[in-house]
Amino acid sequence: MSGHPAFDDWCDIPGGDGFTDVTDEFAAGAHDMEPEEVLLMDGFTLMDAMSAFEIGEPRLDSGMILEEQRRPPFDPLTPLLPEEVCWIMDRAFACEMEWHAGKTLSQSVFTLLFVHHLPDINPEYLPSENLEDPMRPRWLITIVVRAAMLGLLKCCDFAWRELSKNKVHDVEDWQGEKCDVSMLEGINAEVVSRILDMACDWVRQSDLSETQVTALCDRLLLRKAILQLYRSNLLQDVDSFRYDIAASLGLLHRIRNSDQVPLPPDSPAYLAMDPYIARRLPNFMPIRVTDLPSQDMTWKALDAYLEYWQEVGRLITSPSLVKWENAGSLRFALNRSVAPPYLRSLTQTLYYDKNLVLGTHPPGWLVEQFFKETIGFSYDIILRALQESAPEPQLASMRDAIELRITKIMIPHIRSNWFNPPRRRRYLMKEVLQWHTLYDCLIKDVAEHNPPSETTGRVISAVPKAALLWRLSASREVILSGFQQELYAPEERPIAYWYLSRILDVHIECIEGLLPIVPSALYPAHRELLFQAEHLTALQIIFTTLVALTADYIVSPWSRISLNFLRRYKWVFHPGFDKLVPAEPIPDLLTFPSALKSLLQDELYSPAASFQLARDILRRLSESPHDWLGYWAADRVKYLRALTSACDGLKCVSPDTLAELSTFQLSGLRWAPEVHPWLPTPVS
């Protein structure tokens, strides 16, 4: 079967593989050299020379070949059984998932040696074999393995193109070094798709058993379905995308449930994997040799990868800021593993690209949704109210400036939910000032208006509070993420909980001021505000109680605590706040001792009863409908149940009264983000 001529002469290993031992020649030449004299040829540095000697650091010993690392030369045309071909294709998926998990290409995809020998297995340039083993026909390599390798490389090419858009960051989120190896950048994906179809047809027409045909075709079709996912335009053809996702999950399920034939220890298939390939490829940094995961772990990783891809499809059919915000933030609140960088980049691109939101809406759509989903009023109603109450015709330039500011904040804000956790936290720190600057603009703009009626006045008074709500939410997320990333020292925890409770106090007050203004409960904005009022009340109860329970952590001098506070919360002490209206709550640490003293002197205060009250609120919320969130209503319920469970555990170890606080053992609590991202759990 002939291949495609465009595949000739790529992916050859640099320098070829016909090596000759020149040790004796080098030894003879060294006798003629002076002491400390070094001869280096072009492209060969002192680092390369040092890597040939073992110094104990694996990354720098990449050129040192130990005896146990020596392998027979790899022959890409070594005959293979169908089971061995299946194993190689399975390992190809393992390599791909490892690259998406953060390893370099030379640690993952490029360790599969067939990738470097594609010209050697092109059937168009190979002579026919008259006496081939019917159990190990050559076409299993030249047709099936070749098609699988082409599909693997083209999938990696599509992923690399998306990853290089700088939505996620090279080295920080993913590894983009190609080591001068081609990933079929100039080959059309349709050609690769046809080659995969051709390989399936060849297998079906062969004399292999039905079980072998099914195993080979399932893997080829899975590769083709994943390639189709990379090729798909989600914003234009969602139905085809859903079909490909369903097909991929179905094929994966069938492969996982099929019987896997173990390979004998001397199988030639093992020689197709070389974890030390990096020593033969150009790299800009030393590479540590790593092991690929088991096949079962690979299938789990691929299943999670496809499931998240499926969620991306749900997002693009959900044109709602609240849904996008909850879809992203709940992944952090539920402490789920960070999505693969490719899918995080793809999500950000689909949300906003080429001056369009979700591929359809102009940026002004964000302004409309911002007000409609936050305070329940459409932007037309707000503009009409502003025009009616303006003492003179309002300058369009002011409205344009506010609209531009909202757009510039909302685009990166939604995207930040798909940053890696530390980068998201750093971004939200900066965003707090941006939200407050918008709030200051809206406050000053609204103050110049004289509403002619109470109804108009209510609409206008709600406008600045929309920005305030988002600023307070960002502030809360910054502090909570500090617990999740284990940034706080023990004596910082009570102060963090105290400042959180103050932020929540202002947030709840803002919501309570909005609820009488926002349109009826039929609107999602009103229902979301009702939920947040109770949800934040429960959180405030929890955090306030934890201030009392953890106060004994504070043992350092006040001067040291003050300096730590200034460094930890430098994002709220930014000089930019000085020119704006006060950003409540003011981060005044001097009020902390008096607040703590007042709390600890309350004879009626019961930590155990407080956790019980918070638990009751959260349980009631978890049993209420959240249908305005669509698919992510289930995630919110999981989040609420996790908080409920945390309250149950804390209630059991908390004293009934503050008089019993002296007997409370702080050592009985531990902060484990894998159990709960923000709250301590009792030590069993």
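Just so it is clear, the structure is predicted and the values come from calculations on it, not from any experiment.

With that settled, the discussion passes to the overall build of the chain. Counting its regular elements, the chain contains 21 helices and four strands. Overall size of the chain, expressed as C-alpha extent along the three principal axes, is 95 × 60 × 50 Å. Classification of the 684 residues of the chain by burial places 52% in the buried group. Nonlocal contacts in the chain, meaning residues at least 24 apart in sequence, comprise 80% of its contacts between residues at least 6 apart.

Applying the stated rule across the entire model yields 26 salt bridges. Across the pair D90 and R219 runs a salt bridge, and its minimum N-O distance is 2.7 Å. Here the residue D90 occupies a position in helix α3 (residues 82-100), and R219 occupies one in helix α6 (residues 210-231), the gap between them amounting to 129 residues. Salt-bridge contacts for D173 lead to R344; the nearest nitrogen and oxygen are separated by 3.1 Å. Highlighted residues: D173 in the loop between α4 (139-163) and α5 (189-204) and R344 in helix α10 (residues 341-351), separated in sequence by 171 residues.

With that settled, consider the packing of aromatic side chains. Applying the stated criterion to the full structure yields 31 aromatic pairs. Residues W309 and Y342 carry aromatic rings whose centres are separated by 5.6 Å and whose planes lie at 75° to one another, so their mutual orientation is edge-to-face. Of this pair, W309 sits in helix α8 (residues 295-316) while Y342 is found in helix α10, placing the two residues 33 residues apart along the sequence. The class for Y342 is buried, based on a relative accessible area of 4%.

Bringing the environment of I495 into the picture now. For I495, the location among the structural elements is in helix α16 (residues 493-514). When neighbours within four sequence positions are excluded, I495 is seen to be in contact with I554, I561, F565, Y569, L589 and F592.

A few words on helix α15 (residues 454-484). The first and last C-alpha atoms of α15 sit 45 Å apart over 31 residues, in line with the 45 Å expected at 1.5 Å per residue. Considering bend angle alone, the principal kink of α15 is centred on P464 and spans about 30°. Counted residue by residue, α15 has 24 buried out of 31 residues, so it is predominantly covered. With its phi angle positive at about 55°, E486 sits one or two positions after the end of α15.

If you look at the biggest cluster of nonpolar residues, it comprises 214 residues, and the most contacted ones within it are F114, M149, L220, W309, F371 and I479. With 17 residues, α4 is the single largest residue contributor to this core. Contacts of F114, omitting those with residues within four sequence positions, involve F74, P76, L80, I88, I121, I141, V145, M149 and A272.

Taken as a whole and judged by the stated rule, the model has zero disulfides. A disulfide-free cysteine, C441 has its sulfur positioned 17 Å from the sulfur of C510, the nearest such atom. The closest cysteine sulfur to the non-disulfide-bonded C647 is located on C652, 11 Å from its own sulfur.

This paragraph deals with unusual backbone geometry. Glycine aside, negative phi is the norm for most residues, and most peptide bonds take the trans geometry. Look at the link from E584 to P585: it is a cis peptide, with omega at 0°. Structurally, P585 is set in the loop between α18 (558-568) and α19 (591-600). Positioned with a positive phi, C179 is a non-glycine residue whose angle comes to about 55°. Tracing the backbone through its elements, the reader meets C179 in the loop between α4 and α5. The phi torsion at L358 lies on the positive side, around 55°, for a residue other than glycine.

So, on to the packing of α5 against α6. Two elements in contact, α5 and α6, have axes separated by 9 Å at closest approach and are oriented at 165°. As far as their axial angle goes, α6 and α5 are roughly antiparallel. Handedness of the crossing formed by α5 with α6: left-handed. Packed against α5, whose contacting residues are A189, E190, V192, S193, L196, D197, A199, C200, V203 and R204, the element α6 presents V213, L216, C217, L220, L221, R223, K224, L227, Q228 and R231 at the interface. Taken together, the residues of the contact of α5 with α6 sort by class into 12 nonpolar, two polar and six charged.

With that out of the way, let us pick up the side chain of S654. Position of S654 among the secondary structure elements: in the loop between α21 (633-653) and β3 (669-670). Of the polar contacts made by the side chain of S654, one reaches the backbone oxygen of L650; its length is 2.5 Å. Leaving out residues up to four positions away in the same chain, S654 has contacts with L549, P607, A608 and F611.

Our next topic: the environment of E584. Looking at the secondary structure, you find E584 in the loop between α18 and α19. In sequence terms E584 and N335 are 249 residues apart; their C-alpha atoms lie 29 Å from each other. If near-sequence neighbours (up to four positions away) are discounted, E584 is found in contact with R471, L472 and V506.

Time to look at the environment of V683. Looking at the secondary structure, you find V683 in the segment after β4 (681-682). The exposure class of V683 is partly exposed, given its relative accessible area of 44%. Between the C-alpha atom of V683 and that of R670, which follows or precedes it by 13 residues, the distance is 6.4 Å. Ignoring sequence-local partners within four residues, the contact set of V683 consists of S667, G668, L669 and R670.

Within the secondary structure layout, S501 lies in helix α16. With residues near it in sequence (within four places) discarded, S501 still touches Q540 and T544.

This next bit is on the confidence of the model for the chain. Averaged over every residue, the pLDDT of the chain is 91; the share at 70 or more is 92%. Confidence drops under a pLDDT of 50 for residues 1-11, and excluding neighbours within four residues, the segment shows 35 contacts in the predicted structure.

Bringing the packing of α16 against α19 into the picture now. At a minimum axis separation of 11 Å, α16 and α19 run at an interaxial angle of 90°. Compared by their axis directions, α16 and α19 come out roughly perpendicular. On α19, the residues that touch P494, I495, W498 and R502 of α16 are T591, F592 and A595. Of the residues in the contact of α16 with α19, the class split is five nonpolar, one polar and one charged.

On the surface, D505, E509, E512 and E584 cluster together into a patch of negative charge. Residue placement: E509 occurs in helix α16. With relative accessibility at 56%, the residue E509 sits in the exposed group.

Conventions used here
- Residues numbered from 1 in each chain as written.
- Predicted model: local features only at pLDDT ≥ 70, side-chain atom pairs only at ≥ 80, totals over all residues.
- Heavy atoms only, no water.
- Helix = DSSP H or I, 4+ residues; strand = E, 2+ residues; numbered from the N terminus.
- Buried < 20%, exposed > 50% of the residue type's maximum accessible area, 1.4 Å probe, protein only.
- Contact = heavy atoms within 4.5 Å.
- Salt bridge = Lys/Arg side-chain N within 4 Å of Asp/Glu carboxyl O.
- Phe/Tyr/Trp six-rings, centres within 6.5 Å; stacked < 30°, edge-to-face > 60°.
- Expected span 1.5 Å × (residues − 1).
- Bend = angle between axes of the 7 residues up to and from the residue.
- Core = buried A, V, L, I, M, F, W, Y, C linked by side-chain atoms within 4.5 Å.
- Disulfide = S-S within 2.5 Å.
- Axes fitted to C-alpha atoms, helices over the stretch in contact; angles between N-to-C directions.
- Parallel < 35°, antiparallel > 145°, perpendicular 65-115°, else oblique.
- Left-handed = near helix turned anticlockwise from the far one by under 90°.
- Nonpolar A, V, L, I, M, F, W, Y, C, P; charged D, E, K, R; others polar.
- Polar contact = N/O pair within 3.5 Å; in protein donor to acceptor, adjacent residues only side chain to side chain.
- pLDDT = per-residue confidence, 0-100.
- Patch = residues over 30% accessible without salt bridge, like charges linked within 9 Å, V, L, I, M, F, W, Y side chains within 5 Å.
- Areas by Shrake-Rupley, 256 points an atom, 1.4 Å probe, with all protein chains shown as cover.
- Lys, Arg positive; Asp, Glu negative; His and termini not counted.
- Charge placed at Lys NZ, Arg CZ, Asp CG, Glu CD.

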